[in-house]
Amino acid sequence: MTLRIFNTLSRQVEDFAPIDDGHVRMYVCGMTIYDLCHVGHARFLLAFDVVYRWLQVLGYRVTYVRNITDIDDKIIRRALERNIPIAELTREMTQAMHDDIAALGMLAPTHEPRATEHVPQMLAMISQLEDKGLAYRASSGDVNFAVRKFDGYGKLSGKSIDQLRAGERVAVDDGKQDPLDFVLWKAAKESEPDDAKWDSDFGKGRPGWHIECSAMSCALLGTHFDIHGGGMDLQFPHHENEIAQSEGANGKPFVNYWLHNGFLNIDNEKMSKSLGNFFTIREVLGRYDGETLRFFMLRTQYRSPLNFSDANLDDARNSLRRLYTALAAVDGDDAAVDWSLPQAAAFKAAMNDDFNTPQAIAQLFELAGEVNRGRDPRIAGQLKALGATLGLLQQPPREFLQTGSGVDEAEIARLIGERAAAKQARDFARADEIRKQLLAQGIVLQDSPEGTRWVKA
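Here is a short report on the structure shown in this document.

Thresholds applied
Every chain is numbered on its own, with residues counted from 1 as its sequence reads. Under the rules for a predicted model, residues below a pLDDT of 70 receive no local features and side-chain atom pairs below 80 are neither given nor counted, while totals for whole chains, interfaces and linings still include all residues. The basis for every side-chain value is the complete set of non-hydrogen atoms in the structure, without hydrogens or water. Every helix listed is a DSSP run of H or I at least four residues long, and every strand listed is a run of E at least two residues long, numbered separately from the N terminus. Burial classes follow relative accessibility: with a 1.4 Å probe on protein chains only, a residue under 20% of its type's maximum area counts as buried, one over 50% as exposed, and anything between as partly exposed. Contact definition: two residues touch when any of their heavy atoms are within 4.5 Å. Axis lines are fitted to C-alpha atoms, over the contacting stretch for helices. Their N-to-C directions set the angle, which ranges from 0 to 180 degrees. The cut-offs work like this: below 35 degrees is roughly parallel, past 145 is roughly antiparallel, 65 to 115 is roughly perpendicular, and the gaps in between are oblique. Three classes are used, and their members are as follows: Ala, Val, Leu, Ile, Met, Phe, Trp, Tyr, Cys and Pro are nonpolar, Asp, Glu, Lys and Arg are charged, and the others, Gly among them, are polar. Strands are labelled as partners when DSSP assigns at least two bridges between them. Planes of paired rings set the category: under 30 degrees apart is stacked, over 60 is edge-to-face and the rest tilted, where pairs are Phe, Tyr or Trp rings (Trp by its six-membered ring) whose centres lie within 6.5 Å. Only lysine NZ and arginine CZ atoms are considered, and such an atom sits over a ring when it is within 6 Å of the ring centre and within 35 degrees of the ring normal. Consider the strands pointing away from the viewer: the crossover is right-handed when the path from the first strand over the helix to the second runs clockwise. Working rule for helices: expected span equals 1.5 Å times residues minus one. Note: the arc covers the axis-to-C-beta directions of the helix. The way it works is a 1 Å grid over only the protein atoms, where trapped points that fit a 1.4 Å probe form a cavity and open points with protein on both sides within 12 Å along at least five of seven lines form a pocket, and then any residue with an atom within 4 Å of a point lines it. Grid points are joined across faces, edges and corners, and a volume is the space filled by probe spheres set on the points.

Moving on, we come to the side chain of Asn241. Locating Asn241 in the fold gives a position in helix H7 (residues 235–250). A relative accessible area of 2% places Asn241 in the buried class. Leave out the neighbours within four places in its chain, and Asn241 touches Tyr153, Phe182 and His210.

Here it is as C-alpha cells:
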C-alpha cells in the first residue's frame, strides 16, 4: 500500500511521491526558545518524529530540518528581564529543550539550524522580494511584504485576501500599505540590546519571524521540497506567509505537502496560560515517565485534537504496562519486522493511512495477546520490533515494570553534586560530560532555579 497523507494545501488525502526518488526533504517549524517547552510543544514535536521514523521504515533517505528561532520579541524581553545576554538565554533554553525531548525518545533531526546563523540568507531573500516589487520600505524603517502583489495569497488557509481582511482587527500602522502586509525586516529600536541588531542595506535591525523559516528551509533543502510541517495554529499566518515569500522570491512552487497536527486540550479546554491549565514537559515528567507520555500521545492520530488529563495518562500507563508485561513473560527474539505477519501488515496499512498511530497500536495489543497465549519468542520479538518503529517498547521489560529498578539513586545524586561543583568552577566541559554520561544511562537532568532533578528517559 502506498503512503497516503492529508495535504492541508489540497485539503484531501493524497498518495505521497517525493520529488527525488528515494529521498524525502522535510522541514518542521521548531521552537522559539525563550522558555521551557510545554506539552503542546511535545505534541507537535512527537507528531513529526513519528513521520520521520516511518518514512525511514519505508526505505526513504530523509533529510529532516527542524529549526530553532533564537531571535524574537519574547526572547529579547526575557533576556532583558533576567539581565543576561540573548545567547546565554537561548543556550540555556535549547539545552532544556533537548533534555525534555530526549526523555520522550525523540530522534535528533538531520539539521537543527538557528535563525541567527542564517541572517545573510534572509537578507538575500528580502532583497530578491524588493527587486521583484513584492517588498517595500515603510516609513517606520521596517521592510514589509506587499500581500496584494502576490497572486494566490490565501491558498493554504483557503481564504481570499478580502475574506482575510474582513477578519482583520488591527489598524494600518507603522507605514503598512495594508493590514495584511507583514514585516520582513524590523528596524532596530534604541531600547533593544545590541545583540538583537544586525547591520544591513535596509538599516540596522533584525529579521521578522516568517522570513526566518523561508530562508533556513531553502538554504538546507532547496527552493522546492517535499514536506513542511507544524502545528495547526501556524497554518495562518505563518505558513501562508512562508509560501508567499518563498514562491515570490524564487518563482516556483515551495512545498508539495503541508502537514499540520491538531491542538492539545487540557481537561477538554484548550491549553492556555490565562486559564491556568498550562504544563511544561518537565512538570509532567515529574509524575509520569517519558515513554508513558509518548505512548499517551500516540494513541491519538496526529491531526485529531488530543485531550490531556491525569486520567488519560494513567490509562496510557496501565496500557503500556500490559504490553511490557507480555514482553517480560517471554524472552523475545531480536529480529527485523516480518511484514508478512498479519498484525504487521495491518500495522503497516494503518501507518500508511496518514500515520494512523491508534490503529497501529491496536496491532501491538493483538501481538501481545498472541504472546500471552502462545509464549512464542518469535511473536514477542515481532512485538518489540514493531514497537521500535514508533519509539516504544525498547526498555528492558522487567526494569520498566519495576519502577526505579536498575537505578542507583545515590550515584546519580553524587554525579549531580559533582556537576553542580563543576558549573560553579566554570568547568562547563566536565558538567556537560556528566550530563551526557547520565543521558547515556537513560537519566535526563532537568535544571531549574530550584535545583537539578532527574527523570528516566
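More follows now that the structure is in view.
Structurally, Gln235 can be placed in helix H7. Dropping the residues within four chain positions of it, Gln235 is found in contact with Thr8, Leu156, Ser157, Glu240 and His260.

Next up on the list: the environment of Ala335. By the element assignment, Ala335 lies in the loop between helix H10 (310–329) and helix H11 (342–351). On the basis of relative accessibility, which here comes to 43%, the residue Ala335 falls in the partly exposed class. Residues Ala335 and Arg378, spaced 43 residues apart in sequence, show a C-alpha to C-alpha distance of 8.2 Å. The residues contacting Ala335, other than those within four sequence positions of it, are Gln382 and Ala385.

As a further point, take the packing of helix H2 (residues 73–82) against helix H3 (residues 86–103). Between H2 and H3, whose axes approach to 9 Å, the crossing angle comes to 105°. Between H2 and H3, the angle falls in the class roughly perpendicular. Residue-level contacts link Ile75, Ile76, Arg78, Ala79 and Arg82 of H2 to Ile86, Leu89, Thr90, Glu92 and Met93 of H3. Partitioned by chemical class, the residues of the contact of H2 with H3 number six nonpolar, one polar and three charged.

This part takes up the sheet that holds strand E5 (residues 135–137). The antiparallel open sheet is built from four strands, whose spatial order is E5-E6-E7-E8. Every interior strand has two partners, whereas the edge strands, E5 and strand E8 (205–207), have only one. Here the strands of the sheet are splayed against their neighbours by 20° on average, with no regard to which way each runs. With three bridges joining them, strand E6 (residues 143–145) and strand E7 (residues 182–187) adopt antiparallel strand pairing. What sits directly across from Val143, in E7, is Trp185.

Attention now moves to the environment of Thr357. Residue placement: Thr357 occurs in helix H12 (residues 357–374). Placed 56 residues apart in sequence, Thr357 and Gln301 show a C-alpha to C-alpha distance of 5.7 Å. Setting aside anything within four residues of it in sequence, one finds Thr357 in contact with Val50, Leu298, Thr300, Gln301, Met351 and Leu390.

On to the packing of aromatic side chains. The full count for this structure, using the stated rule, is 14 aromatic pairs. A network of ring pairs unites the aromatic residues Phe16, Tyr60 and Tyr257 as a single cluster. Above the face of the Phe6 ring, Arg303 is positioned so that its terminal group lies 4.2 Å from the ring centre. For the cation-ring pair, Lys348 lies above Trp339, with the distance from its terminal atom to the ring centre recorded as 5.2 Å.

Moving on, we get to the pairing of strand E10 (residues 255–261). Residues in a regular strand point their side chains to alternate faces of the sheet. Burial of E10 is extensive: six of the seven residues sit out of reach of the surface. With respect to chirality, the unit in which strand E9 (residues 225–231) leads through H7 into the neighbouring parallel E10 is right-handed.

With 13 residues, helix H4 (residues 119–131) ought to run about 18 Å at 1.5 Å a step, and its terminal C-alpha atoms sit 18 Å apart, in line with that. Buried within H4 are the following residues: Val119, Met122, Leu123, Met125, Ile126 and Leu129. Burial along H4 is one-sided: seen end-on, the buried residues are contained in an arc of 160°. For H4, the exposed residues lying more than 90 degrees away from the buried face are Pro120 and Asp131. Each element contacted by the buried residues of H4 is listed here: E5, E6, E7, E8, helix H6 (209–221) and H7. One or two residues past the end of H4 sits Gly133, with phi positive at roughly 80°.

With that settled, the discussion passes to empty space enclosed by the protein. Evaluation of the coordinates by the stated rule reveals two cavities of 30 Å³ or more. There is about 100 Å³ of room inside the largest cavity. Elements with a minimum of two residues in the lining of the largest cavity: helix H1 (39–57) and helix H9 (290–298). The biggest single contributor to the lining of the largest cavity is H1, with four residues. Class assignment for the residues of the lining of the largest cavity results in seven nonpolar, three polar and one charged. In this structure, the second largest cavity encloses a volume near 30 Å³. What lines the second largest cavity is simply Met31, Ile33, Asp35, Leu36, Cys37, Met93, Ala96 and Met97.

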